[in-house]
Amino acid sequence: MFTVTDANRKWYVLVAVVISTFLSTIDGSIVNVALPTLVRELDSSFAIAQWVILGYLLTQTILLLTIGRLGDILGKKPIYSAGIALFTLGSLLCALSPNIEWLILFRVIQAVGAAMALALGVAIVTEAFPSNERGKALGFFGTVVSVGIVVGPTMGGIILEALSWRWIFFVNLPVGILGVYLALRYIPHSRPAAKQRFDYLGALTLGLSLLALLLALTWGQQLGFAETRILLLFSCFILFLLVFLFIEKRVPEPMIDLSIFRSSQFGLGLLLGLLAFVAIAGTTLLLPFYLNNMLGYPPRQVGFMMALIPVFLGIVAPLSGTLSDLLGTRPIATAGLAIAAVSYFLMSRFDLDTGLFSYAIGVSLLGLGMGIFQSPNNSAIMGAAPSARLGIASGLLN
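Note that the coordinates shown come from a computational prediction; the quantities given were computed from them, not determined experimentally.

**Q** Looking at this model, I keep getting lost on the overall build of the protein chain. Mind explaining?
**A** If you tally the helices and strands in the protein chain, you get 16 helices and 0 strands. For 398 residues, the compact-globule estimate of 2.2 N^0.38 gives 21 Å, and the C-alpha radius of gyration of the protein chain, at 21 Å, lies within 12% of that figure. A principal-axis box enclosing the C-alpha atoms of the protein chain has dimensions of 60 × 50 × 45 Å. Counting over 398 residues, the protein chain shows a buried share of 49%. Counting contacts in the protein chain only where the partners sit at least 6 residues apart, residues at least 24 apart contribute 81% of the total. Element-wise, carbon and sulfur atoms account for 70% of the exposed surface of the protein chain, whose accessible area totals about 18,500 Å². Within the protein chain, one finds 22 positive and 17 negative side-chain charges whose respective centroids are separated by 9 Å.

So, in structure tokens, the structure goes:
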């Protein structure tokens, strides 16, 4: 056994964690490319086949906070290691699925494993690295996520051209097995100092609240957000959220200790992260339509042009994390947001006459700004979280 800050082993901890991050990121995007193939080869409709993606994302999102809290109670290593193993098993089951219904079920199993690993990854790295290296370590997370975003669709296209769709899941197996070995071998098992109780009622009401919100946002796109069933789902979201907050203020050991939000660095960091990623998500949703429908670029070229954002983000994230360790998180994160704001201003001027150079400048600045912002902001959030609440802080961050 080694100490969590051991200079010779902490990088092995980081490698073990980024493997699961890489797998989860790829799997969130690689299947998108395969949807038309799944509809055709599994004799399904698009309305059903899209749940191969939606089931994965909904399950993962709903479970992140619950698993983060369980990590604080039971210890992070056993849950994290079991998560990678379950994800790998889920990948095998997905590859062997006889029809679309079984594939959706196995994707949910896969998502449970992904949530177990993702929810605790940042917390494990935070414990493994000293505070003066935390930004650099978390910066590698940004790089891995960016590489996964770029590689996922590209790898999916290559696999579908050369092999069966089943291989988009088979490729996870060797990497997942390696991840399980590294996690068991190198991640320390730090047990909580005192026995804690799990807030089952809080977890249930929070899960129902998130499920209602996500279903409303998903189905509202087809049915319309003023439709009665969608309004009912939004009402359930608000109702269960209020019940959850009521419970959290009264139970002795809440699911989320609301007092952690008294730290302005923690609360503001989460808010800035939320706003920044809402903005970039909206941008990456609209840009393909602009490039393909308005400027007439073919899909393959659109993919390369969209890759500018994650490429620049991935290159800059470790550098900005290292700088934040030396200069502090606030000035680096602020500079990143300022660059992103300039990028949005430039992109707001895109029109039918925008050339490749102008497009590349505007979009590359967004990747640059987000890469500079993300690592120090994540470091500030995790640095402000109490050591006994790193699991739930990691879940909130994800």
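**Q** Help me out: how do you make sense of the layout of surface pockets in this one?
**A** Any empty space left between the atoms is revealed when a probe the size of a water molecule rolls over them. In this model, the second largest pocket occupies a volume close to 270 Å³. Secondary structure elements with two or more residues in the lining of the second largest pocket: α11 (264-294), α14 (329-347) and α15 (356-384). Looking at side-chain class alone, the lining of the second largest pocket contains 7 nonpolar, 6 polar and 1 charged residues.

**Q** Would you take a moment to explain empty space enclosed by the protein for this structure?
**A** If you walk through the whole model with that rule in mind, you get 2 cavities of 30 Å³ or more. Computed from the structure, the largest cavity encloses a volume of approximately 70 Å³. Forming the boundary of the largest cavity are 11 residues, of which Ile124, Glu127, Ile187, Pro188 and Ser190 lie nearest the centre. Listing elements by their share of the lining of the largest cavity, those giving two or more residues are α4 (76-95) and α5 (100-128). Residue contributions to the lining of the largest cavity peak at 3 residues, all from α5. The class makeup of the residues in the lining of the largest cavity is 6 nonpolar, 2 polar and 3 charged. Taken together, Ser20, Leu23, Ser24, Ile84, Phe87, Gly113, Ala114 and Ala117 make up the full set of residues lining the second largest cavity. Broken down by secondary-structure element, the contributors of at least two residues to the lining of the second largest cavity are α1 (10-41), α4 and α5. Here the residues of the lining of the second largest cavity are counted per class, giving 5 nonpolar, 3 polar and no charged.

**Q** Would you take a moment to explain a nonpolar patch on the surface for this structure?
**A** Taken together, the side chains of Leu268, Leu271, Leu274, Leu275 and Val278 make up a nonpolar region of the molecular surface, amounting to roughly 480 Å² of accessible area. Residue classification places leucine 268 among the partly exposed residues on the basis of a relative accessible area of 48%.

**Q** It is not clear to me how the environment of tyrosine 359 should be interpreted in this structure. Could you clarify?
**A** Turning to its location among the elements, tyrosine 359 is positioned in helix α15. In the structure, tyrosine 359 is positioned 193 residues away from arginine 166 in sequence and 37 Å away in space, judged by C-alpha atoms. Residue contacts for tyrosine 359: discarding those within four places in its chain leaves Leu287, Leu291, Met305, Met306, Leu308, Phe350 and Thr354.

**Q** How do you make sense of the packing of helix α13 (residues 308-327) against α15 when you look at a structure like this?
**A** In a packed pair of helices, the relevant descriptors are the angle between the two axes and the axis-to-axis distance. Packing of α13 against α15 leaves a shortest axis separation of 6 Å and a crossing angle of 35°. Note on packing geometry: the crossing formed by α13 with α15 is right-handed. By residue class, the composition of the contact of α13 with α15 is 14 nonpolar, 8 polar and no charged.

What counts, and at which threshold
- Residues numbered from 1 in each chain as written.
- Predicted model: local features only at pLDDT ≥ 70, side-chain atom pairs only at ≥ 80, totals over all residues.
- Heavy atoms only, no water.
- Helix = DSSP H or I, 4+ residues; strand = E, 2+ residues; numbered from the N terminus.
- Rg over C-alpha atoms; globule rule 2.2 N^0.38 Å.
- Buried < 20%, exposed > 50% of the residue type's maximum accessible area, 1.4 Å probe, protein only.
- Contact = heavy atoms within 4.5 Å.
- Areas by Shrake-Rupley, 256 points an atom, 1.4 Å probe, with all protein chains shown as cover.
- Lys, Arg positive; Asp, Glu negative; His and termini not counted.
- Charge placed at Lys NZ, Arg CZ, Asp CG, Glu CD.
- 1 Å grid on protein atoms, 1.4 Å probe; cavity = no way out; pocket = protein on both sides within 12 Å on 5 of 7 lines; lining within 4 Å.
- Points joined across faces, edges and corners; volume = space filled by probe spheres on them.
- Nonpolar A, V, L, I, M, F, W, Y, C, P; charged D, E, K, R; others polar.
- Patch = residues over 30% accessible without salt bridge, like charges linked within 9 Å, V, L, I, M, F, W, Y side chains within 5 Å.
- Salt bridge = Lys/Arg side-chain N within 4 Å of Asp/Glu carboxyl O.
- Axes fitted to C-alpha atoms, helices over the stretch in contact; angles between N-to-C directions.
- Left-handed = near helix turned anticlockwise from the far one by under 90°.

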